[in-house]
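Descriptive structure summary
Spelled out, the chains give:
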Amino acid sequence: MVDLCNSTKGICLTGRLATDRRPPGADGIPGHNGSDGQPGPQGPKGEKGANGKRGKKGQPGATGNPGGKGEKGDPGELGLTGNEGPSGQKGEKGEKGDVSNDVLLAGAKGDQGPPGPPGPQGPPGPRGPPGSRRPKGSRPPNMFNGQCTGEACAIPNDDTLVGKADETVSEHHFPQAESVITSIGNSTQVLKVKETFGTWIRESANKSDERIWVIKHFSGILVKEFKDWPSLLNNSYMSIQLPHYFQGCGHAVYNNSLYYHKAGYNTIVRFEFGRETSETLKIENALYFDRKYLFTNSKTYFNLAVDEKGLWIIYASSVDGSSILVAKLDERTFSVVQHVNTTYPKSKAGNAFIAQGILYVTDTKDMSITFAFDLLGGKQINANFNLRTSQSVLAMLSYNMRDQHLYSWEDGHLMLYPVKFLRGTLNQ
């Protein structure tokens, strides 16, 4: 052993000399693990591994608090009228009341009843005084021209015509021969649409109005307005929403107003275009629900018509459930001034139109005209001629006095038929 000390620096080395070599000793006992070193720098991102297996479904969470109330949704479309419910049980007989000496006041006026049948012919009146001699050259008034002037012919603004229509309309009136339709000409197709049911209308009263209105289906609330023929063919239109849903295919336009049946009610609506204002008129004793249609082929309860004599409503009586009635409207007051009972059963009718004050009714297949009724004279007239050869669904049939054509909607085909009056035949 050699000890090397440097006292000046305080260092001492002790060890064996290089020449003093011996074999290594046995291994020592392993030392304790050292503490973890500092983490190394982050390596590059590895490739995406395969998706692991789906874990088990966890337990449902706690129920959350209810959300706030949502906004009110838009109302749905008006549904069809439901079937009439069964009659209720008869109530028990009430107790007999005490006799009263009080003066009974008159009750409120009841609803207007249906027109009664014509009464029997009265006895002849007393002979009148002899008339004065008429100057030569003067002519008696024409009793067959359908015209009526003077105070005696004014239409009263009350209910004096109710129940007397069949009497008043027939006095001294016979239809002029040239007002009667003798035949219908060949049809012309204007347009084809996909809807089986619908109505297309032109203004009758104003010849300068070129607008055309199309109302698709037998129930809805929208009207398409086309400004002229090219717009109709190009399908360029403006949509108009009505104030009430319509029912059927019997609408009419007269003096810038649309007349139609309010769905689910015995009510006719007059809607004025442009101003978009409306009025309603209730028609008593008319069928208007439970699929008891006036015209089953077109699912129509009320058929509005316009001709040279004015505005009409064709409907079926709820009194006997069968007869076809016609009401004459006063456009100014929007009221009924006459009721005419044709007594013709609706079960034999397919459709109908009015021209020159005469009602024409088709057979159930809408192939020909089988019945005609003079509304001003109050009696049936002879009329029997073909209308068409097609057996497609005839949803709408309307006469337009502007061009003297029938407008029809046949299984989506918009058609025109020229009308031939007797006067045209006589002139040939």
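This structure is a prediction, so every number in the text was calculated from the model and none was measured.

**Details of the overall build of the protein**
- Looking only at helices and strands, one finds three helices and 24 strands in the protein.
- Considering the protein as a whole, with its 428 residues, one finds that 35% of them fall into the buried category.
- Sequence separation of at least 24 residues holds for 51% of the intrachain contacts in the protein that already meet a minimum separation of 6.
- Total accessible area computed for the protein in this model is approximately 28900 Å², and 49% of it derives from carbon and sulfur atoms.

**A look at the pairing of strand β23 (residues 405-410)**
- Most of β23 sits inside the fold, with five of its six residues counted as buried.
- Across six bridges, the pairing between strand β22 (residues 394-400) and β23 is antiparallel. Bridge assignment links methionine 396 to a residue of β23, and that residue is tryptophan 409.
- Linking β22 to β23, which pair antiparallel, is a turn of four residues; within it glutamine 404 sits at a positive phi near 55°.
- Here six bridges tie β23 to strand β24 (residues 413-421), and the two strands are oriented antiparallel to one another. Considered in β24, the bridge of glutamate 410 is made with histidine 413.

**Examining empty space enclosed by the protein**
- This structure, assessed with the given rule, holds three cavities of 30 Å³ or more.
- Volume-wise, the largest cavity comes out at about 120 Å³.
- As for the largest cavity, its lining consists of 14 residues, and the residues nearest its centre are Ile201, Arg202, Ser204, Ser398 and Tyr399.
- Within the lining of the largest cavity, the residues separate by chemical class into eight nonpolar, five polar and one charged.

**As for the packing of aromatic side chains**
- Using the criterion set out here, one finds 15 aromatic pairs in the structure.
- Linked through ring pairs, Trp200, Trp229 and Tyr407 together constitute an aromatic cluster.

**Overview of the nonpolar core**
- Membership of the largest hydrophobic core comes to 21 residues, with the highest contact counts inside it found for Ile181, Ile184, Phe353, Tyr360 and Leu406.
- Secondary structure elements with two or more residues in this core: β3 (181-184), β17 (352-355), β18 (358-362), β19 (368-374), β22 and β24.
- The element best represented in this core is β24, accounting for four residues.
- The contacts of phenylalanine 353, once residues within four sequence positions are left out, are Ile181, Ile358, Leu359, Tyr360, Ile369, Leu397, Ser398, Tyr399 and Leu406.

**Overview of the pairing of strand β16 (residues 335-345)**
- One ladder, built from seven bridges, connects strand β15 (residues 323-330) with β16; its direction is antiparallel. By the bridge assignment for β16, valine 326 is matched with valine 340.
- The antiparallel hairpin formed by β15 and β16 contains four residues in its connecting segment, where phenylalanine 334 sits at a positive phi of about 50°.

**A short note on the confidence of the model for the protein**
- Averaged over every residue, the pLDDT of the protein is 79; the share at 70 or more is 70%.
- Scored below 50 in pLDDT, residues 97-108 shows zero contacts in the model against residues more than four places distant or in partner chains.
- Contacts of residues 134-172 to residues separated by more than four positions or lying in other chains number 35 contacts, the stretch itself having pLDDT below 50.

**Some details on the pattern of salt bridges**
- All chains considered together, the criterion is met by nine salt bridges.
- Taking the shortest distance from any N to any O, the salt bridge between lysine 216 and glutamate 195 comes out at 3.6 Å. Placement of the pair is lysine 216 in strand β6 (residues 212-216) and glutamate 195 in the loop between β4 (188-192) and β5 (198-202), with a sequence separation of 21 residues.

**Looking at unusual backbone geometry**
- At lysine 299, a residue that is not glycine, the phi angle is positive and equals roughly 55°.
- With respect to the helices and strands, lysine 299 occurs in the loop between β12 (277-282) and β13 (303-307).
- With a phi close to 60°, threonine 343 is a non-glycine residue in the positive phi region.
- Tracing the backbone through its elements, the reader meets threonine 343 in strand β16.
- Overall, threonine 343 belongs to the exposed group, its relative accessible area being 57%.

**Some thoughts on the sheet that holds β5**
- In space, the four strands of this open sheet follow the order β5-β6-β7-β8, with antiparallel pairing throughout. Whereas interior strands pair on both sides, the edge strands pair on one side only; in this sheet they are β5 and β8 (238-247). Geometrically, the sheet is characterised by an average inter-axis angle of 20° between neighbouring strands, direction not taken into account.
- Of the strand pairs in this sheet, β6 and strand β7 (residues 219-226) are connected by three bridges, and their pairing is antiparallel. Across the sheet, valine 214 pairs through a bridge with lysine 224, a residue of β7.

Quick notes on the rules
- Residues numbered from 1 in each chain as written.
- Predicted model: local features only at pLDDT ≥ 70, side-chain atom pairs only at ≥ 80, totals over all residues.
- Heavy atoms only, no water.
- Helix = DSSP H or I, 4+ residues; strand = E, 2+ residues; numbered from the N terminus.
- Buried < 20%, exposed > 50% of the residue type's maximum accessible area, 1.4 Å probe, protein only.
- Contact = heavy atoms within 4.5 Å.
- Areas by Shrake-Rupley, 256 points an atom, 1.4 Å probe, with all protein chains shown as cover.
- Pairing = 2+ DSSP bridges.
- 1 Å grid on protein atoms, 1.4 Å probe; cavity = no way out; pocket = protein on both sides within 12 Å on 5 of 7 lines; lining within 4 Å.
- Points joined across faces, edges and corners; volume = space filled by probe spheres on them.
- Nonpolar A, V, L, I, M, F, W, Y, C, P; charged D, E, K, R; others polar.
- Phe/Tyr/Trp six-rings, centres within 6.5 Å; stacked < 30°, edge-to-face > 60°.
- Core = buried A, V, L, I, M, F, W, Y, C linked by side-chain atoms within 4.5 Å.
- pLDDT = per-residue confidence, 0-100.
- Salt bridge = Lys/Arg side-chain N within 4 Å of Asp/Glu carboxyl O.
- Axes fitted to C-alpha atoms, helices over the stretch in contact; angles between N-to-C directions.

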